[in-house]
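Breakdown of the fold
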Amino acid sequence: QQQVKQSPQSLIVQKGGISIINCAYENTAFDYFPWYQQFPGKGPALLIAIRPDVSEKKEGRFTISFNKSAKQFSLHIMDSQPGDSATYFCATKNPGTGNQFYFGTGTSLTVIP
Amino acid sequence: DVKVTQSSRYLVKRTGEKVFLECVQDMDHENMFWYRQDPGLGLRLIYFSYDVKMKEKGDIPEGYSVSREKKERFSLILESASTNQTSMYLCASSPPRDRGYQPQHFGDGTRLSIL
């Protein structure tokens, strides 16, 4: 059973455009929502994360929007660049299971010049 | 910076072989994890460990075992490799949950092919 549902599976955006990736979860106990970025041949690396007591977090061109009532969160990449082309994973953490994370299925982002 | 090192980037083995994947972290983290990554399936947890000699099954433990004899090292063992275990394997570590909201830190993966 997929604990986190991520969409779209792939995304193509023009340079300078906005990339949006969405995730939805069911378990209201989840208390930490990170996004990971993975380049080919590398492991996932933490990009940005949010806790459920805030609705938005921004770091540079990357923003997480969090809707607790809808149990959804999304990653927005402003002014997308070719260097942002990577696979993005959302994740959630259940505090009742130590530090076990549940990951989405990933979104392959391609930013074309 | 946290460093998680996986001993092999690429590995080719034959069906029926016993395969060992090694992972070492240098941040004195209590928690360590093994995932496999397959296209369209994301990261699926195989096993995790929250202390030396402790282990917990993840979502897909069948056909795998683990060993954690030292805090910094977590090994994944394929008891009798099969072709459906061809995949990318990722190791991760993190501090314990009593240190607040902490991400998992990943190694660069081992791409394992079973022939």
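One can find the structure itself at the top, above this paragraph.
What about the layout of surface pockets?
- Taken as a whole, the largest pocket spans an internal volume of roughly 410 Å³.
- Mapped onto the lining of the largest pocket, the elements with two or more residues apiece are β9 (86–93) and β11 (107–112) of chain A together with β4 (31–38) and β9 (87–94) of chain B.
- Element by element, the count of residues in the lining of the largest pocket is highest for β9(A), at three residues.
- Of the residues that constitute the lining of the largest pocket, the class distribution is six nonpolar, 13 polar and three charged.

Describing the interface of chain A and chain B
- Listed per partner, the contact involves 22 residues of chain A and 23 residues of chain B.
- Carbon and sulfur atoms supply 54% of the area that chain A and chain B bury against each other, a total of about 1,900 Å² over both sides.
- Contact with chain B buries surface across chain A, with A:N99, A:Q100 and A:F103 losing the most and accounting together for 28% of the total.
- Where chain A packs against chain B, one counts one salt bridge.
- A salt bridge links B:D108 to A:K42; the shortest N-O distance between them is 3.7 Å.
- Linking chain A with chain B are four residue pairs in polar contact (both at pLDDT 80 or more).
- Of all the secondary structure elements, the ones that give two or more residues to the side of chain A that touches chain B are β4 (33–38) and β10 (101–103) of chain A.
- Classifying every residue of the side of chain A that touches chain B gives eight nonpolar, eleven polar and three charged.

Here's the deal with a nonpolar patch on the surface
Residues and elements named next belong to chain A.
- Taken together, the side chains of I18, I20 and M78 make up a nonpolar region of the molecular surface, amounting to roughly 240 Å² of accessible area.
- The topology assignment puts M78 in the loop between β8 (72–77) and β9.
- For M78, a relative accessible area of 34% translates into the label partly exposed.

Considering the packing of aromatic side chains
- In this structure the tally under the stated criterion is 19 aromatic pairs over all chains.
- When the centroid spacing of 5.6 Å and the interplanar angle of 40 degrees are considered together, the rings of A:F30 and A:Y102 count as tilted. With A:F30 in the loop between β3 (19–25) and β4 and A:Y102 in strand β10, this pair connects stretches of sequence that are 72 residues apart.
- Given a relative accessible area of 2%, A:F30 falls into the buried group.
- Considering the side-chain rings of B:F33 and B:F48, the 5.9 Å spacing of their centres and the 20 degrees angle between planes classify their relative orientation as stacked. Separated by 15 residues along the polypeptide, B:F33 in strand β4 and B:F48 in strand β5 (residues 42–49) bring together distant segments of the chain.
- Members of the aromatic cluster, each reached through a chain of ring pairs, are A:Y32, A:Y36, A:F101, A:F103, B:F33, B:Y35, B:F48 and B:F106.

A look at the sheet that holds β3(A)
Residues and elements named next belong to chain A.
- A sheet is described by the order of its strands in space; here five strands give the open sequence β1-β3-β8-β7-β6, paired in antiparallel fashion. Looking along the sheet, the strands with just one partner apiece sit at the ends: β1 (4–7) and β6 (56–59). Here the strands of the sheet are splayed against their neighbours by 15 degrees on average, with no regard to which way each runs.

Section: the nonpolar core
- Membership of the largest hydrophobic core comes to 24 residues, with the highest contact counts inside it found for A:F33, A:W35, A:F73, A:L75, A:Y88 and A:L109.
- Looking at this core, the elements with two or more residues in it are β2 (10–14), β3, β4, β5 (45–50), β7 (62–67), β8, β9 and β11 of chain A.
- Each residue touching A:F73, except ones within four places of it in the same chain, is listed here: A:I21, A:N22, A:C23, A:Y25, A:F33, A:W35, A:S65, A:F66, A:C90, A:A91 and A:T92.
- Formed by 20 residues, the second largest nonpolar core is a distinct cluster that contains B:C23, B:L78, B:A81 and B:L112.

What to know about the state of the cysteines
- Inspection of the entire model under this criterion finds two disulfides over all chains.
- At a sulfur-sulfur separation of 1.9 Å, the disulfide partner of A:C23 is A:C90. Judged by the torsion about the S-S bond (-90 degrees), the A:C23/A:C90 disulfide is left-handed. Highlighted residues: A:C23 in strand β3 and A:C90 in strand β9, separated in sequence by 67 residues. For the residue pair A:C23 and A:C90, the accessibility class agrees, reading buried in each case.
- Two residues, B:C23 and B:C91, share a disulfide whose sulfurs are 1.9 Å apart.

Parameters at a glance
- Residues numbered from 1 in each chain as written.
- Chains lettered and ligands numbered in written order.
- Predicted model: local features only at pLDDT ≥ 70, side-chain atom pairs only at ≥ 80, totals over all residues.
- Heavy atoms only, no water.
- 1 Å grid on protein atoms, 1.4 Å probe; cavity = no way out; pocket = protein on both sides within 12 Å on 5 of 7 lines; lining within 4 Å.
- Points joined across faces, edges and corners; volume = space filled by probe spheres on them.
- Helix = DSSP H or I, 4+ residues; strand = E, 2+ residues; numbered from the N terminus.
- Nonpolar A, V, L, I, M, F, W, Y, C, P; charged D, E, K, R; others polar.
- Contact = heavy atoms within 4.5 Å.
- Buried area = accessible area lost by both parts, 1.4 Å probe.
- Salt bridge = Lys/Arg side-chain N within 4 Å of Asp/Glu carboxyl O.
- Polar contact = N/O pair within 3.5 Å; in protein donor to acceptor, adjacent residues only side chain to side chain.
- Patch = residues over 30% accessible without salt bridge, like charges linked within 9 Å, V, L, I, M, F, W, Y side chains within 5 Å.
- Areas by Shrake-Rupley, 256 points an atom, 1.4 Å probe, with all protein chains shown as cover.
- Buried < 20%, exposed > 50% of the residue type's maximum accessible area, 1.4 Å probe, protein only.
- Phe/Tyr/Trp six-rings, centres within 6.5 Å; stacked < 30°, edge-to-face > 60°.
- Pairing = 2+ DSSP bridges.
- Axes fitted to C-alpha atoms, helices over the stretch in contact; angles between N-to-C directions.
- Core = buried A, V, L, I, M, F, W, Y, C linked by side-chain atoms within 4.5 Å.
- Disulfide = S-S within 2.5 Å.

The values are spatial; any link to function lies outside them.
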